[in-house]
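Chain residues, written in single-letter form:
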Amino acid sequence: MTKYYVLAILFFVSFQVVLAQGITGEKVEFNVSQLPEVSIPADQQFYTVTVNSPYNITTEDVVAQSKVDFQNELESYDQKVIDSEAEYKVKLAQHETDIALAKEKFELESKEFNELSLLERLALTDQGKKPALVLPNRPTYYKPAEPVYQDPNLNDYVIVDNTILGSQIVINGLERGQNILNVQVEIDKVNFQDNAGQSFANQPTKIMVTLNGKEDFKTELFTEFEMISNYPTNNINKNREEKNYLEKVMKYINQLLNERYGYINQRKSMYLEVVKNRKNTYDELEKAHIYVLTNLKKIQEDPNSRMTISAMENMQKGIDIWNNALTLVDYKDSKADYNAKIAQYIYFNLIKLHVALNRKEAAEQYLNDLQENLVNIKLSYDDEKTLERLEQEIYNN
């Protein structure tokens, strides 16, 4: 009896594995362009950038100033030596005064000590309080080192001008040239401030964007001071800190403008599931899989390219097949060709695909439809975790 029971269990497990293997899948990687907040017609996707800032320094300017500074050091060196010698003489005179004071103090303390009783003197001696003559060290003279010219470290300087700064602002997916989208940027010099022994900085920046001559966007950035170092401003390299802060400002300007007007390319991946097509039962689902899989791989970085547009249109054919298949599902009959298991993998594909394509509203709608049918769909532990992750991607971003 036990043998039959064990065999029955083994048969049941094997049968479950066969069923689980009915759904397979593969990981697919593809390009996705995040669509901008403001959609500009394809024939008007041109922009210009104008930057107004206090920066107008070239490498030649930095080197020339470095040589001027060195020449000034050379010319002032003799006087620097004279001043150092005079300062040393003052220290020597003070040293003689300090010696006289130390001797005077010693004589006074010795006199007071000798006036004490023997027992008191022994007690103070044991405590290490017996008067002793302590003379200050004689000051040492250090002659200032002669100036030696060194090429400036160009990494510590803000070597840019308005033209260079303007060229660093790039709106992805748009072409620089015609004045359809006009970006005006005003950047002030970095301001430094000390607070509680730390360095703070700000760099007030204004952005104004017009689209076809009408104001479309306007904002002010980096007006608040923020900490840049745990050391006070007199202990930091201000040139380097200003360069770093300006780079931060430019990076954020690019991010802001691209989110509003540009097409941000992202490399994404997803696990695309498909049911095994036994006896041609799932020809349509296999066709849908091919539509989506092959066209995902065809998406180009340019969202307006002919191949990308064609790929998205053909991929929609696969999505339409999935949507139609969901109308055929019989959630109550586990033996039906289109049962709850089929519905689960289609919903998961649809949700993952629309999340990856940054279509959050559509993904949320499919998620809601799936949740309404979860009473008839049994999710595994891994499936539940996948669903939780997808919910986070939909609602938290």
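Residues numbered from 1 in each chain as written. Predicted model: local features only at pLDDT ≥ 70, side-chain atom pairs only at ≥ 80, totals over all residues. Heavy atoms only, no water.

## Some details on the environment of methionine 208
By the element assignment, methionine 208 lies in strand 7 (residues 205–211). Note: C-alpha distance between methionine 208 and leucine 350 (142 residues apart in sequence) is 39 Å. Residues contacting methionine 208, with those up to four places away along its chain left out, are Asn182, Val183, Gln184, Glu215, Phe217 and Lys218. (Helix = DSSP H or I, 4+ residues; strand = E, 2+ residues; numbered from the N terminus. Contact = heavy atoms within 4.5 Å.)

## A closer look at the packing of helix 8 (residues 340–356) against helix 9 (residues 360–372)
With their axes 8 Å apart at the nearest point, helix 8 and helix 9 run at an angle of 160 degrees to one another. Compared by their axis directions, helix 8 and helix 9 come out roughly antiparallel. In the packing of helix 8 onto helix 9, the handedness of the crossing is left-handed. Contacts between helix 8 and helix 9 involve Tyr347, Phe348, Leu350, Ile351, His354 and Val355 on the former and, on the latter, Lys360, Ala362, Ala363, Tyr366, Leu367, Asp369 and Leu370. (Axes fitted to C-alpha atoms, helices over the stretch in contact; angles between N-to-C directions. Parallel < 35°, antiparallel > 145°, perpendicular 65-115°, else oblique. Left-handed = near helix turned anticlockwise from the far one by under 90°.)

## Here's the deal with the sheet that holds strand 2 (residues 46–52)
Strands sit in the order 3-2-4-7-8 across an open sheet of five strands; the sheet is mixed. What marks the edges here is a single partner per strand, and that holds for strand 3 (175–176) and strand 8 (214–221). Bridging between strand 7 and strand 8 involves seven bridges; their strand directions are antiparallel. Paired with leucine 211 across the bridge in strand 8 is lysine 214. Packing of helix 5 (residues 238–261) onto the sheet brings it into contact with strand 4 (181–187), strand 7 and strand 8, and relative to strand 8 it is tilted by some 145 degrees. (Pairing = 2+ DSSP bridges.)

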